[in-house]
Amino acid sequence: MIVGIDASNIRHGGGVTHLVEVLRAANPEAAGFKQVIVWAGTTTLQRIEDRPWLVKSHLAVLDRSAFFYRALWQRFSLTAAARSARCDVLFVPGGSYAASYRPVVAMSRNLLPFEWSELARFGWSWLAVKLCLLRLAQTGTLRHADGVIFLTRYARDVVTRAIGEIRGKATIIPHGIDARFARSAKPQLSIGQYSEDRPLRLLYVSIVDMYKHQWQVAEAVSQLRKSGIPVVLNLVGPAYPPALRRLNGARARLDPRGEFIRYEGAVPHTELHTRYSEADVCVFASSCENMPNILLEGMASALPIACSRRGPMPEVLGDAGVYFDPEDPADIERALRELIDSPALRAKLAQASFDRARVYSWSRCASETFEFLSKIARGP
């Protein structure tokens, strides 16, 4: 059999990471596929490693930055390309599909369009309009696809409540985690062994966005500092400008001299494991996630984790973390203090989170993905 992958809208971030890692770990022949064809732009194809069974199909239109051109290609050219390649199944990891080729498997990746309370955080903005349009597009795709891949049970439940019954088969296949994040848990010191010269280092890796609540974490850390605890917060990630303004306002008010709330900005994903290795505690305060890859990175790095109790986070982290309400600075402070006050608890949770992270491998993700594609290709 032959599988085609429409990666026309997979251009950066977690979507590219997923595609690259799945194809790196895949053994399509074990699932009955002799060939995999990927349609994508130059940047995406350059990141995908060559394989004997892999065909990288580059089209100049997919290099264009405007979504309009890529959407036109998918709507009017993808079906012909898939037929010409004699594909037995088409995989659309981007989640939106407007062509007519069948059978097709879609992946649900973005939960923001399906949680109105989270979408409302963006107010009357172009991004909010874009998310509403994305909801419309993905609702049609997910309802009528022959197969749908969800990343967590939580995401499946949210989406199906929002869009109603889906026609095709559905499965849950979590992402994996890169082995370079894995390391042994470090010894946990008592807070008395930290000082202003050697503070306890909190790390929060994520885009600065309206649903990530970095400013609430900053409030909590400020209260810890006021109580005499030598702690610093390192924030790493790109930023949505309105959210960054909110964070900078909190930093100016809470830490005008920049002593304990530090924002580094975006760091290449290939370097992120070094940031985790330098940290003592991982913080994750998001209120909306489909598959929290950043949480997985902290788990694989064997860090004690203070985590939002919203979304799929408890499903992924289980009992290997201390949870808080991401919109309540006092509750965030309580969770952080619980970890800070107990080296034994930190050591226990760091090992537990590391052990849970071992379940999330790219080889497992790749194997389950191609088995599901094979099931859809073979039909009833």
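Values in this document were obtained by computation on a predicted structure and should not be read as measured data.

Enquirer: Please explain the packing of aromatic side chains as it appears in this structure.
Expert: The relative placement of two aromatic rings is captured by the distance of their centres and the angle of their planes. Summed over the entire model, instances satisfying the criterion amount to 5 aromatic pairs. Judged by centre distance (5.6 Å) and plane angle (65 degrees), the ring pair of F122 and Y240 falls under edge-to-face. Of the two residues, F122 sits in the loop between α5 (116-119) and α6 (126-144) while Y240 sits in the loop between β9 (231-236) and α9 (241-254), which places them 118 residues apart along the sequence. Relative accessible area serves as the criterion here: at 17%, Y240 is assigned to the buried category. Just above the ring of F76 sits the side chain of R75; from NZ or CZ to the centre is 5.2 Å.

Enquirer: Before we go on, may I ask you to explain unusual backbone geometry in this structure?
Expert: Backbone phi values are negative for most residues with the exception of glycine, while trans is the configuration of most peptide bonds. Between R102 and the following residue, P103, the backbone shows a cis peptide bond with an omega angle of 0 degrees. Among the secondary structure elements, P103 is positioned in the loop between β4 (89-92) and β5 (104-107). For A302, which is not glycine, the phi torsion reads 60 degrees and is therefore positive. On the secondary structure map, A302 appears in the loop between α11 (293-300) and β12 (305-308).

Enquirer: Help me out: how do you make sense of the packing of helix α13 (residues 329-341) against helix α14 (residues 343-357) in this one?
Expert: Axis separation between α13 and α14 bottoms out at 5 Å; the angle between their running directions is 100 degrees. Considering the angle they form, α13 stands roughly perpendicular to α14. Each of E338, L339, I340 and D341 in α13 lies in contact with α14, whose residues at this interface are P343, L345, R346 and L349. Looking at the contact of α13 with α14, its residues break down into 5 nonpolar, no polar and 3 charged.

Enquirer: Mind showing me how you'd approach the packing of helix α1 (residues 13-25) against helix α15 (residues 362-378) here?
Expert: Between two packed helices, the angle of one axis relative to the other and the distance separating the axes together describe the packing. Contact pair α1 / α15: the axes reach a minimum separation of 8 Å and the direction vectors enclose 85 degrees. It follows that α1 is roughly perpendicular to α15 by the angle criterion. Of the residues in α15, those in contact with T17, H18, E21, V22, L23 and A25 of α1 are W362, S363, C365, A366 and F370. The residue makeup of the contact of α1 with α15, split by class, is 7 nonpolar, 3 polar and 1 charged.

Enquirer: What exactly am I supposed to notice about a nonpolar patch on the surface here?
Expert: Nonpolar side chains collect at one region of the surface, where F68, Y69, L72 and F76 lie side by side and expose about 430 Å² of accessible area between them. By the secondary structure assignment, F76 is in helix α3 (residues 67-76). Looking at F76, the relative accessible area reads 61%, which means it is exposed.

Parameters at a glance
Residues numbered from 1 in each chain as written. Predicted model: local features only at pLDDT ≥ 70, side-chain atom pairs only at ≥ 80, totals over all residues. Heavy atoms only, no water. Phe/Tyr/Trp six-rings, centres within 6.5 Å; stacked < 30°, edge-to-face > 60°. Helix = DSSP H or I, 4+ residues; strand = E, 2+ residues; numbered from the N terminus. Buried < 20%, exposed > 50% of the residue type's maximum accessible area, 1.4 Å probe, protein only. Lys NZ or Arg CZ within 6 Å of the ring centre and 35° of its normal. Axes fitted to C-alpha atoms, helices over the stretch in contact; angles between N-to-C directions. Parallel < 35°, antiparallel > 145°, perpendicular 65-115°, else oblique. Contact = heavy atoms within 4.5 Å. Nonpolar A, V, L, I, M, F, W, Y, C, P; charged D, E, K, R; others polar. Patch = residues over 30% accessible without salt bridge, like charges linked within 9 Å, V, L, I, M, F, W, Y side chains within 5 Å. Areas by Shrake-Rupley, 256 points an atom, 1.4 Å probe, with all protein chains shown as cover. Salt bridge = Lys/Arg side-chain N within 4 Å of Asp/Glu carboxyl O.

By themselves these figures say nothing about function.
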